[in-house]
Amino acid sequence: LHLNAQSRSAANEGSIEVQRNPTYLNYTPQQLVEEIFVKKGGCAPVSNVRYTGHGWNGNRWVSTENRGLGHFHKGRSIFTMEEGFILTTGKINTLEGPNSKSDGCLPIDPKVITTDPHLKSMVSSGSGITTIADLEFDSVPSTSNVTFRYRSGSEDYPKWAGTNWNDVFRFFNSGPGHSAQIN
């Protein structure tokens with residue numbers, strides 16, 4: 001599958017640009033993490049990159065619209081990060097503004113429902129996790145201080161707040177010297 005960044009019109013004024021750099025369109029999750037997180041972020045090398053989510057079958061991208069991992073650039077927006085990668089349970093191409101759709105979510109995909117105990121511990125009893133975007137990798141820092149810049153957002157907030165349909169976001173940091181996973 002070859003993805004084409006040129007087939008869409010330009011991003012709206014004030015919006016970030018999603019999946020528009022042809023360099024990154026066909027990158028695997030491993031390549032995205034290495035190029036954006038390691039090279040541009042100045043991080044130590046990574047290994048064991050694993051992505052579970054929409055559009056990825058474990059070997060290649062199978063969808064251009066239902067993809068859950070990709071590249072963004074701040075474009076003409078006032079977004080504080082110049083570029084990075086996006087991880088979403090929805091359709092990555094719906095993330096450019098303005099948000100004029102009532103629902104950018106994807107239908108439940110049984111292949112990407114999680115039984116991860118760390119995520120399941122964050123939802124109320126009787127609730128399940130029905131969509132997931134999970135990016136994991138190993139990295140050994142070369143300095144004593146590590147910084148991650150990220151933003152979390154939700155298509156569902158506040159519409160579904162306080163119901164059995166809530167978004168869960170969790171950032172885990174673990175390794176030698178940690179008695180448990182740090183969130």
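Up top is the structure.
First things first, this report covers the structure right here in the doc.

Reading the values: the criteria
Residues numbered from 1 in each chain as written. Predicted model: local features only at pLDDT ≥ 70, side-chain atom pairs only at ≥ 80, totals over all residues. Heavy atoms only, no water. Phe/Tyr/Trp six-rings, centres within 6.5 Å; stacked < 30°, edge-to-face > 60°. Helix = DSSP H or I, 4+ residues; strand = E, 2+ residues; numbered from the N terminus. Buried < 20%, exposed > 50% of the residue type's maximum accessible area, 1.4 Å probe, protein only. Lys NZ or Arg CZ within 6 Å of the ring centre and 35° of its normal. Core = buried A, V, L, I, M, F, W, Y, C linked by side-chain atoms within 4.5 Å. Contact = heavy atoms within 4.5 Å.

## Quick look at the packing of aromatic side chains
Point 1. Scanning the entire structure with this criterion turns up 6 aromatic pairs.
Point 2. Relative to tryptophan 61, the ring of tyrosine 51 has its centre 5.9 Å away and its plane inclined at 55°; by these criteria the two rings are tilted. Of the two residues, tyrosine 51 is situated in strand E2 (residues 46–52) and tryptophan 61 in the loop between E2 and strand E3 (69–73); the sequence distance between them amounts to 10 residues. Considered together, tyrosine 51 and tryptophan 61 belong to a single accessibility category, that of buried residues.
Point 3. One cation-aromatic arrangement involves arginine 67 over tryptophan 61; the distance from NZ or CZ to the ring centre is 3.8 Å.

## Quick notes on the nonpolar core
Point 1. With 14 residues, the main nonpolar core has Leu32, Val33, Val46, Tyr51, Leu69 and Leu135 as its most contacted residues.
Point 2. Where this core is concerned, the elements lending two or more residues are helix H1 (29–39) and E2.
Point 3. At 5 residues, the largest contribution of residues to this core is made by H1.
Point 4. The contacts of tyrosine 51, once residues within four sequence positions are left out, are Pro29, Trp56, Trp61, Gly68, Leu69, Leu87, Asp134 and Leu135.

## Describing unusual backbone geometry
Point 1. At asparagine 48, a residue that is not glycine, the phi angle is positive and equals roughly 50°.
Point 2. With respect to the helices and strands, asparagine 48 occurs in strand E2.
Point 3. On the accessibility criterion, asparagine 48 (46% relative accessible area) is partly exposed.

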